[in-house]
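Overview (structure and organization)
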Amino acid sequence: MPARIIALLTDFGHHDPFVAMMKGVMLGINPALQLVDISHEIAPQRCREAAIVLSVTLPFFPLQTIFVVVVDPGVGGTRRAIIVETAEHLFVAPDNGVLGPVLDQAEVRCVVHATEAKFFRRPISRTFHGRDVFAPLAAWLSHGVEVREMGPAIDDYTRLELPRPSARGDGGLAGEVLYQDRFGNLMTNISEAYLMESWGPPPWRGIRASIETAVIRGFDSYYAQRSAQQLGMIINSWGLLEIFANGGSAAQVTGAVEGSPVRICRGDT
């Protein structure tokens, strides 16, 4: 059955008409589409941020969703437009690594370099492949066009890898800030699964986290468990260790940014 859901992730924002143009092109090809906005507030040209948002959003979508990711600092250059078919979904994106983290966890069946001009909008803008290349490709896929009809298969697509946490010699764990949300909460790359793999099931006695000059002691079950503006740490809805400030911004309180080191210890380590 042809897919009817297309999920969009871009850095276009909402001030300009770019997203609406993409939607108009897709609906012109397939008026029955259901279009879902993941986010259009990815920081401009930040492929890593888009990759993170896509990877944590993907599990909540129905099978055979088509994901269109347009964070494209190489637009108009030599980077390729690719389409990926996995056992569960389809992806349309520039070949800049933005799909790397989700494809590392998927059963990839086919990756093609989209070259068949009949599936593009004409003329193709030098600056807006989201409208003229990626949007029509996704819409034709939703109509039931096969991935392999759109170009030759490739296996050398770009793979962006996210940083992984590691064990320290003293028994602690080292990670970093992956993402900051609009509340100033700091999501780290230390997952609950990694904590359990390293230390066994909770409770973890005497746990403390260090980030910049701040030290946080003890896990929290909910934000208001800390006093106003106090830092805390929690396993969030993404399954990741998150540093927060109750009613405030952990980013402002700590001065941490994406890539800032995070150290987790327990007991006397």
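Above this text sits the structure in question.
Described below are features of the structure shown in this document. (Residues numbered from 1 in each chain as written. Predicted model: local features only at pLDDT ≥ 70, side-chain atom pairs only at ≥ 80, totals over all residues. Heavy atoms only, no water.)

Things to note about the overall build of the protein
The condition is simple: Helical segments are the DSSP runs of H or I of at least four residues, strand segments are the runs of E of at least two, and each set is numbered from the N terminus. Exposure classes here rest on a 1.4 Å probe applied to the protein chains alone. A residue is buried below 20% of its type maximum, exposed above 50%, and partly exposed in between. What makes two residues a contact is simply this: any of their non-hydrogen atoms within 4.5 Å. For every accessible area listed, the method is Shrake-Rupley and the probe measures 1.4 Å; residues are considered covered only by the protein chains on display. None of His or the chain ends enter the tally, which takes Lys and Arg as positive and Asp and Glu as negative. Working definition for charges: the position is that of NZ of Lys, CZ of Arg, CG of Asp or CD of Glu.
Helix and strand content of the protein: 6 helices and 14 strands. Along the three orthogonal principal directions, the C-alpha set of the protein runs to about 65 × 35 × 35 Å. Looking at the protein as a whole, 53% of its 269 residues are labelled buried. Long-range contacts, defined here as pairs at least 24 residues apart, represent 65% of the contacts in the protein between residues at least 6 apart. Carbon and sulfur atoms provide 50% of the accessible area of the protein, an area that totals close to 12800 Å². When the 23 basic and 28 acidic side-chain charges of the protein are each reduced to a single mean position, those positions are 1 Å apart.

Remarks on the pattern of salt bridges
To keep things clear, this is the line we draw: The salt bridge criterion pairs a side-chain nitrogen of Lys or Arg with a carboxyl oxygen of Asp or Glu, the two atoms within 4 Å.
Under the defined criterion, the tally for this structure stands at 12 salt bridges. Here R46 and E258 are joined by a salt bridge, their closest N and O atoms 2.6 Å apart. In this pair, R46 sits in the loop between strand 2 (34–39) and helix 2 (47–57) while E258 sits in the loop between helix 6 (250–254) and strand 14 (261–265), placing the two residues 212 residues apart along the sequence. Relative accessible area serves as the criterion here: at 33%, R46 is assigned to the partly exposed category. A residue is classified by how much of its surface remains accessible, and E258, at 32% relative accessible area, is partly exposed. Two residues, D170 and R168, come together in a salt bridge whose shortest N-O distance is 2.9 Å. Residue classification places D170 among the partly exposed residues on the basis of a relative accessible area of 39%. Relative accessible area serves as the criterion here: at 27%, R168 is assigned to the partly exposed category.

As for the pairing of strand 5 (residues 90–94)
The side chains of a regular strand alternate, residue by residue, between the two faces of the sheet. We count it as follows: For two strands to count as paired, DSSP must find a minimum of two bridges between them.
For strand 5, the tally of buried residues reaches 5 of 5 residues, placing the bulk of the element in the interior. Judged by which residues are buried, strand 5 turns out to be covered on both faces: L90, V92 and P94 on one side and F91 and A93 on the other are all buried. Here 3 bridges tie strand 3 (residues 66–70) to strand 5, and the two strands are oriented parallel to one another. By the bridge assignment for strand 5, I66 is matched with L90. By the bridge criterion, 5 bridges tie strand 4 (residues 81–86) to strand 5 in an arrangement that is antiparallel. Directly across from V84, in strand 5, lies its bridge partner F91. As consecutive antiparallel partners, strand 4 and strand 5 are separated by 3 residues.

Overview of the side chain of T57
The following threshold applies: Counted as a polar contact is a pair of N or O atoms within 3.5 Å, where, for protein atoms, one must be capable of donating a hydrogen and the other of accepting one, and residues adjacent in sequence contribute only when both atoms are in side chains.
Tracing the chain through its elements places T57 in helix 2. Within the structure, the side chain of T57 is placed 2.6 Å from the backbone oxygen of V53, a separation counted as a polar contact.

What to know about the packing of aromatic side chains
Rules: Stacked, edge-to-face and tilted labels apply to pairs of Phe, Tyr and Trp rings (six-membered ring for Trp) whose centres lie within 6.5 Å, assigned for plane angles under 30 degrees, over 60, and everything in between, in that order. Placement of a charge over a ring requires the Lys NZ or Arg CZ to be within 6 Å of the ring centre, with the centre-to-atom vector within 35 degrees of the ring normal.
What the rule picks out here adds up to 10 aromatic pairs. Both rings, one in Y179 and one in W238, keep their centres 5.4 Å apart while their planes meet at 50°; by these two values the pair is tilted. In this pair, Y179 sits in strand 8 (residues 173–180) while W238 sits in the loop between strand 12 (231–235) and strand 13 (240–245), placing the two residues 59 residues apart along the sequence. The buried category is assigned to Y179, whose relative accessible area is 16%. The partly exposed category is assigned to W238, whose relative accessible area is 30%. A centroid spacing of 4.8 Å and a plane angle of 75° characterise the contact between Y223 and F244, whose relative ring orientation is edge-to-face. Taken together, the positions of Y223 in the loop between strand 11 (214–217) and strand 12 and F244 in strand 13 put the pair 21 residues apart, joining distant regions of the chain. Ring-pair connections join several aromatic residues into one group, and the members of that group are F12, F18 and F128. Positioned above the aromatic ring of F183 is the side chain of R182, whose terminal nitrogen or guanidinium carbon lies 5.6 Å from the ring centre.

Thoughts on the pairing of strand 8
Counting buried residues along strand 8, 7 of its 8 residues qualify, which places the element largely inside the surrounding structure. When strand 7 (residues 166–167) meets strand 8, the two strands line up antiparallel, connected through 2 bridges. Of the residues in strand 8, the one forming a bridge with S166 is A174. Taken together, strand 7 and the strand that follows it, strand 8, pair antiparallel across an intervening segment of 5 residues, in which G171 is found at a positive phi of about 95°. In terms of strand pairing, strand 8 meets strand 14 through 4 bridges, oriented antiparallel. The residue of strand 14 that forms the bridge with E176 is P261. Here 3 bridges tie strand 8 to strand 9 (residues 186–191), and the two strands are oriented antiparallel to one another.

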